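# Observations on the model geometry
One-letter residues, chain by chain:
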Amino acid sequence: MIYQILSNKWRPQEFNQIIGHKYLIKMMVNSLNLKRIHQSWLLSGMHGIGKTTIARILAKSLNCKKDITSQPCRTCANCKAIEKGKFLDFIELDAASKTRIEDIKIILDSTQYPPIQGRFKIYLIDEIHMLSKHSFNALLKILEEPPKYIKFILATTHLKKIPRTILSRCLHVHLSSIEPTCISNYLEQILKKENIDIKKEILNIISYSSEGSIRNAINNLELIISSIKKKKIKTSYVNKLLGIFDKHSIFILAQNIIKNNIHSVLKILDYAEKIGVQCNNIISSLIIFFHNLSIIKITTLKENNLINEKSKYKQKIYILSKKILFQDIQNYCKILIRGKKYLKYAPSPRIGMEIILFQIYQYTNEKYHVS
Ligand SMILES: Nc1ncnc2c1ncn2[C@@H]1O[C@H](COP(=O)(O)OP(=O)(O)OP(=O)(O)O)[C@@H](O)[C@H]1O
Ligand SMILES: [Mg+2]
Ligand SMILES: [Zn+2]
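Residues numbered from 1 in each chain as written. Chains lettered and ligands numbered in written order. Predicted model: local features only at pLDDT ≥ 70, side-chain atom pairs only at ≥ 80, totals over all residues. Heavy atoms only, no water.

## Comments concerning the site of ligand 1
In the region of ligand 1, 19 residues are neighbours, and Ser 7, His 47, Ile 49, Lys 51 and Thr 53 sit closest. Here a nitrogen atom of ligand 1 sits 3.0 Å away from a polar atom, N or O, in the main chain of Ile 49. One of the side-chain N or O atoms of Thr 52 is found 2.8 Å from an oxygen atom in ligand 1. Isolated, ligand 1 exposes 630 Å² of accessible area, and the fraction of that covered by the protein chains is 96%. Those elements giving two or more residues to the shell around ligand 1 turn out to be helix H3 (51–63) and helix H10 (214–226). (Near = heavy atom within 4 Å. Polar contact = N/O pair within 3.5 Å; in protein donor to acceptor, adjacent residues only side chain to side chain. Areas by Shrake-Rupley, 256 points an atom, 1.4 Å probe, with all protein chains shown as cover. Helix = DSSP H or I, 4+ residues; strand = E, 2+ residues; numbered from the N terminus.)

## Concerning the nonpolar core
Ranked by size, the top nonpolar core spans 51 residues in total, and within it Leu 24, Ile 54, Leu 62, Ile 153, Leu 187, Ile 206 and Leu 221 carry the most contacts. It is H3 that provides the largest number of residues to this core, a total of six residues. There are two domains that each give this core at least three residues, and those are domain 1 (6–174) and domain 2 (180–242). Filtering out sequence-adjacent residues up to four positions away, Leu 187 remains in contact with Leu 203, Ile 206, Ser 207, Ala 217, Ile 218 and Leu 221. (Core = buried A, V, L, I, M, F, W, Y, C linked by side-chain atoms within 4.5 Å. Buried < 20%, exposed > 50% of the residue type's maximum accessible area, 1.4 Å probe, protein only. Domains from an automatic or database assignment. Contact = heavy atoms within 4.5 Å.)

## What to know about the sheet that holds strand E2 (residues 90–94)
Judged by pairing direction, the sheet is parallel, and its five strands sit side by side in the order E2-E3-E4-E1-E5 without closing on themselves. Looking at which strands have only one partner, the edges of the open sheet turn out to be E2 and strand E5 (171–174). Here the average twist between neighbouring strands, direction ignored, is 15°. (Pairing = 2+ DSSP bridges. Axes fitted to C-alpha atoms, helices over the stretch in contact; angles between N-to-C directions.)

## Here's the deal with the packing of helix H8 (residues 180–194) against H10
H10 packs onto H8 with a crossing angle of 45° between their chain directions and a minimal axis gap of 11 Å. One element, H8, and the other, H10, form an angle in the oblique class. In the packing of H8 onto H10, the handedness of the crossing is right-handed. Between H8 and H10, the residues in contact are Ile 183, Tyr 186, Leu 187, Ile 190 and Leu 191 and Ile 214, Ala 217, Ile 218, Leu 221 and Ile 225, respectively. In terms of residue class, the contact of H8 with H10 is made up of ten nonpolar, no polar and no charged. (Parallel < 35°, antiparallel > 145°, perpendicular 65-115°, else oblique. Left-handed = near helix turned anticlockwise from the far one by under 90°. Nonpolar A, V, L, I, M, F, W, Y, C, P; charged D, E, K, R; others polar.)

## Describing the packing of helix H5 (residues 101–110) against helix H6 (residues 133–144)
With their axes 8 Å apart at the nearest point, H5 and H6 run at an angle of 20° to one another. Between H5 and H6, the interaxial angle falls into the category roughly parallel. The hand of the H5/H6 crossing is right-handed. Between H5 and H6, the contacting residues are Ile 101, Ile 104 and Leu 108 on the first element and His 134, Ser 135, Ala 138, Leu 139 and Ile 142 on the second.

## Re the coordination of the zinc ion (ligand 3)
Between any two of four tetrahedral donors, the ideal angle at the metal is 109.5 degrees; between two of six octahedral donors, it is 90 or 180 degrees. Looking at the zinc ion (ligand 3), the protein donor atoms are Cys 64 (SG), Cys 73 (SG), Cys 76 (SG) and Cys 79 (SG), and they sit 2.3 Å from it. Coordination at the zinc ion (ligand 3) is tetrahedral: its four donor atoms span angles of 102 to 121° at the metal. Here the donor residues for the zinc ion (ligand 3) map to a single chain with the spacing C-x8-C-x2-C-x2-C. Its relative accessible area of 11% is what places Cys 76 among the buried residues. (Donors = N, O, S within 2.8 Å, 3.2 Å for Na, K, Ca; no water. Tetrahedral: all angles 85-135°; square planar, octahedral: opposite > 155°, others 65-115°.)

## Brief notes about H6
Compared with the 16 Å implied by 1.5 Å per residue over twelve residues, the 17 Å span of H6 between its first and last C-alpha is a close match. Of all the residues in H6, the buried ones are Ser 135, Phe 136, Leu 139, Leu 140, Ile 142 and Leu 143. Where H6 is buried, its residues meet strand E1 (40–44), H5, strand E4 (150–156) and helix H7 (164–167). (Expected span 1.5 Å × (residues − 1).)

## Some thoughts on the UniProt feature "domain: AAA+ ATPase" (unreviewed entry) in the protein
Under the UniProt annotation, "domain: AAA+ ATPase" (unreviewed entry) lies at residues 37–179. The distance from the first to the last C-alpha atom of residues 37–179 is 29 Å, and the span holds 33% helix and 19% strand. (UniProt positions renumbered as here; feature names shortened; annotations may be inferred.)

## What about the pattern of salt bridges?
Inspection of every chain in the model, using the stated rule, returns 15 salt bridges. Between Glu 92 and Arg 56 there is a salt bridge, and its shortest N-O distance comes to 2.9 Å. In this pair, Glu 92 sits in strand E2 while Arg 56 sits in helix H3, placing the two residues 36 residues apart along the sequence. With relative accessibility at 26%, the residue Arg 56 sits in the partly exposed group. Linking Arg 100 and Asp 103 is a salt bridge whose minimum nitrogen-to-oxygen distance equals 3.4 Å. By relative accessible area, Arg 100 is classed as partly exposed at 47%. When salt bridges with common partners are traced through the structure, they connect Glu 14, Lys 60, Arg 74 and Glu 83 into a single cluster. (Salt bridge = Lys/Arg side-chain N within 4 Å of Asp/Glu carboxyl O.)

Dropping the structure here:
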């Protein structure tokens with residue numbers, strides 16, 4: 001049997017299997033039930049959160065032989081063809097490779113012909129932000145008033161690059177990144193179906209490092225499963241494989257940042273580099289750590305069940321939280337989040353990370369007049 005990667009094998013085929021995006025799903029289900037479906041949708045959001053998956057389910061819902069339905073049968077010829085990627089009236093295009101006006105003209109010409117197999121001819125245009133200005137302009141009319149049998153689903157990871165003229169002609173829904181706890185629970189469900197046992201702590205590490213993308217999380221899970229022979233997977237191995245700093249090292253790093261001990265901070269970064277920890281992972285871990293610290297400061301230790309940690313470690317964080325003001329933690333987070341956004345522009349990830357940590361160092365120095 002041909003091996004299918006986990007993210008394809010478990011790609012949701014029905015709306016109720018989608019994780020997150022409750023508002024969009026509810027809206028699509030309602031409009032399908034009422035049979036009032038907008039002609040042009042624009043789905044924006046980061047990679048691997050379900051844009052293509054949702055578009056395919058919508059295509060099935062519109063073309064199921066049963067009826068236009070929010071619960072396509074998955075057994076009729078049309079549903080089956082869409083699931084196999086062989087449905088002639090569902091046209092998936094990657095705008096990144098078809099940016100020119102000539103390419104768009106070919107698409108526009110093809111819209112004159114009604115569907116062959118189904119009720120609707122559906123165009124899913126991915127990475128739409130890559131189109132040239134002329135190509136966008138050429139699309140305006142058809143997006144606003146397409147033939148009755150045409151539906152457009154545009155998808156983008158860069159909403160800011162979409163012209164207003166396009167936005168105003170589409171029903172735009174932004175898909176947020178997925179919460180780590182949802183991702184972790186979802187991975188657990190997949191493992192159950194695969195009959196594989198991996199402890200929750202490891203699933204949490206994978207979820208937090210996937211930065212809100214389900215595809216990233218499933219791919220990392222697959223990497224771990226396929227790189228290990230033994231049944232018992234060690235946390236330290238997972239950290240190493242994913243290039244993540246273990247939680248104790250993050251604690252020590254945060255402790256030194258709070259003490260403004262820049263020499264120790266740099267030494268820890270040397271160590272991180274030596275063992276192959278990725279800089280953006282360190283920044284993400286620090287953001288999560290300081291955010292947890294904020295929560296600890298505004299709640300009592302007992303009522304705080306947000307931090308999913310064993311009590312001894314929690315106690316240590318609690319003691320550390322006494323050594324810093326809430327306002328300072330918030331400013332650290334601001335510097336870290338802003339810095340993470342610009343990390344890709346630094347000459348190297350290490351330099352980028354140092355710049356961010358120097359900003360925190362400078363902030364503390366200026367605030368407390370340390371020379
Ligand atoms: N919301 C979700 N619920 C369940 N699984 C999901 C979800 N989003 C993504 N996945 C998983 O990730 C895989 C990739 O998702 P999809 O192709 O829909 O992402 P995308 O948003 O279109 O990404 P890209 O921007 O890279 O095109 C799916 O096959 C599925 O396994
Ligand atoms: Mg996609
Ligand atoms: Zn069907």
